[in-house]
Amino acid sequence: MSDTTVREEVATQPARLTIEPPGMWKQVRTHVWRNVKHIRRMPEMLADVTFQPIMFVVLFAYVFGGSINAGVNYREWLLPGIMAQTMAFSCFIVAIGLTNDLNKGIIDRFRSLPISRASVLVGRSISSLIHSSIGTVVMAVTGLLIGWRIHTGFAKGLLGFALLLLFGFAMMWIGILAGSRLKTAEAVQGVMFTAIFPLTFLADTFAPAANMNPAWLRTIAEWNPISSLVRAMRELWGNTVPLPPDSALPLHHPVLATVLWSVLLTAVLAPLSIRAFNHRTSE
C-alpha cells in the first residue's frame, strides 16, 4: 500500500474527540450553583434560617430574658449564642440534601460524569454554608433592631463572623456523614435533631454555663465546642463578662480553642464522611 493511499484512509476516518474533565474548582462551583438555584426556586427552604432564628431571638430576648442573669445586657449576650446554634443546625441542611440526592439517583448520574466525588461533597458543604450565612445576616439585622451592637471595631467584628463560618464548615462534615449513613430524610431529621439540638443548649449559648448544676453538667457545657465559639464571638464583639477563675481552659482562650476544635472536627470527620459517601455510592 502506497503512502498516498494510507494518507487518504487516515483523512477519511472520523476524528476522535477527547473531552478533558473540568478542573476541581469548576466542578465545585457547578455543584454550588446547582444547590443555590434550588433555594432561589424554592424560597421556603430559607424558613429555617429566617423565621426560626427570629423566633428564637424574640422568645429568649423578651420572654426568658428577664429571668436569666448573664451579668450583662442579655440581648447582646444572646445573639452570639443563637448565631452559633443556627450554624450548628446547618448540618441538617447538608444531611437532608445529600440523602435526597442519593435516593433520587442524582448521585448515580454524577458518577457517570468525569468528575470527582469529593467535588459533590465540597459543593454541598459550601452551598449549605451560604444558606446558613443568610440566616446569620437575618439574625444580625434582628439583633441590631433589639439593641445588639459590636463594640470592638470592624476587624474584630469580622473575625467573629469568620470563626462562625469556620466552625460551620466543620459541622458540615457531620451532616455529610449522617446523610451518607442514613437511608431516608425522616431518619436524618430524627437522628440529627436528637443529637444536635441538646448539644446547642448544653453550652454557654442561652444561659451561662457557670450557673449550671450539678458540676459535671457544667463541665460538659464548658468543654462543648459550641461554648468556645460563643465565648469567642462575645469577646471579639464586646458582649461578654469576666469568667469565673475556675472555668474550663477552652473558655479562657476561646478564639484559639474554636480554631483548634474546628480543625480537629474537620480532620476527624472529613475522612469518615468521604469513606461513608464512597461506600454508599459504590453499593
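Residues numbered from 1 in each chain as written. Predicted model: local features only at pLDDT ≥ 70, side-chain atom pairs only at ≥ 80, totals over all residues. Heavy atoms only, no water.

Caption draft 1: Inspection of the overall build of the chain at higher detail. When you go through the chain residue by residue, the secondary structure sums to twelve helices and zero strands. Looking at the chain as a whole, 45% of its 283 residues are labelled buried. (Helix = DSSP H or I, 4+ residues; strand = E, 2+ residues; numbered from the N terminus. Buried < 20%, exposed > 50% of the residue type's maximum accessible area, 1.4 Å probe, protein only.)

Caption draft 2: Examining helix α12 (residues 254-281) more closely. Across its 28 residues, α12 extends 39 Å between first and last C-alpha, which sits within 8% of the 40 Å expected from 1.5 Å per residue. Maximal helix bending in α12 amounts to about 30°, located at Leu 269; proline Pro 271 follows within four positions. Every buried residue belonging to α12 is among Pro 254, Ala 257, Thr 258, Ser 262, Leu 265, Leu 269, Ala 270, Ser 273, Ala 276, Phe 277, Arg 280 and Thr 281, and all of these are buried. (Expected span 1.5 Å × (residues − 1). Bend = angle between axes of the 7 residues up to and from the residue.)

Caption draft 3: Structural detail: the nonpolar core. Judged by nonpolar contacts, the single largest core of 57 residues is most densely connected at Met 83 and Ile 196. For this core, the element with the highest residue contribution is helix α4 (residues 74-104), accounting for 16 residues. Residues within four places of Ile 196 in sequence aside, it is in contact with Ala 88, Phe 89, Cys 91, Phe 92 and Met 171. (Core = buried A, V, L, I, M, F, W, Y, C linked by side-chain atoms within 4.5 Å. Contact = heavy atoms within 4.5 Å.)

Caption draft 4: Expanded view of the pattern of salt bridges. Evaluation of the coordinates by the stated rule reveals four salt bridges. A salt bridge links Arg 234 to Asp 204, with the shortest nitrogen-to-oxygen separation between them at 3.3 Å. Remark: Asp 204 occurs in the loop between α8 (185-201) and α9 (215-223) and Arg 234 occurs in helix α10 (residues 225-237); sequence separation between them is 30 residues. Taking the relative accessible area as the measure of exposure, Asp 204 reaches 7% and is therefore buried. Put simply, Asp 246 and Arg 218 hold a salt bridge, and the shortest N to O gap is 3.0 Å. (Salt bridge = Lys/Arg side-chain N within 4 Å of Asp/Glu carboxyl O.)

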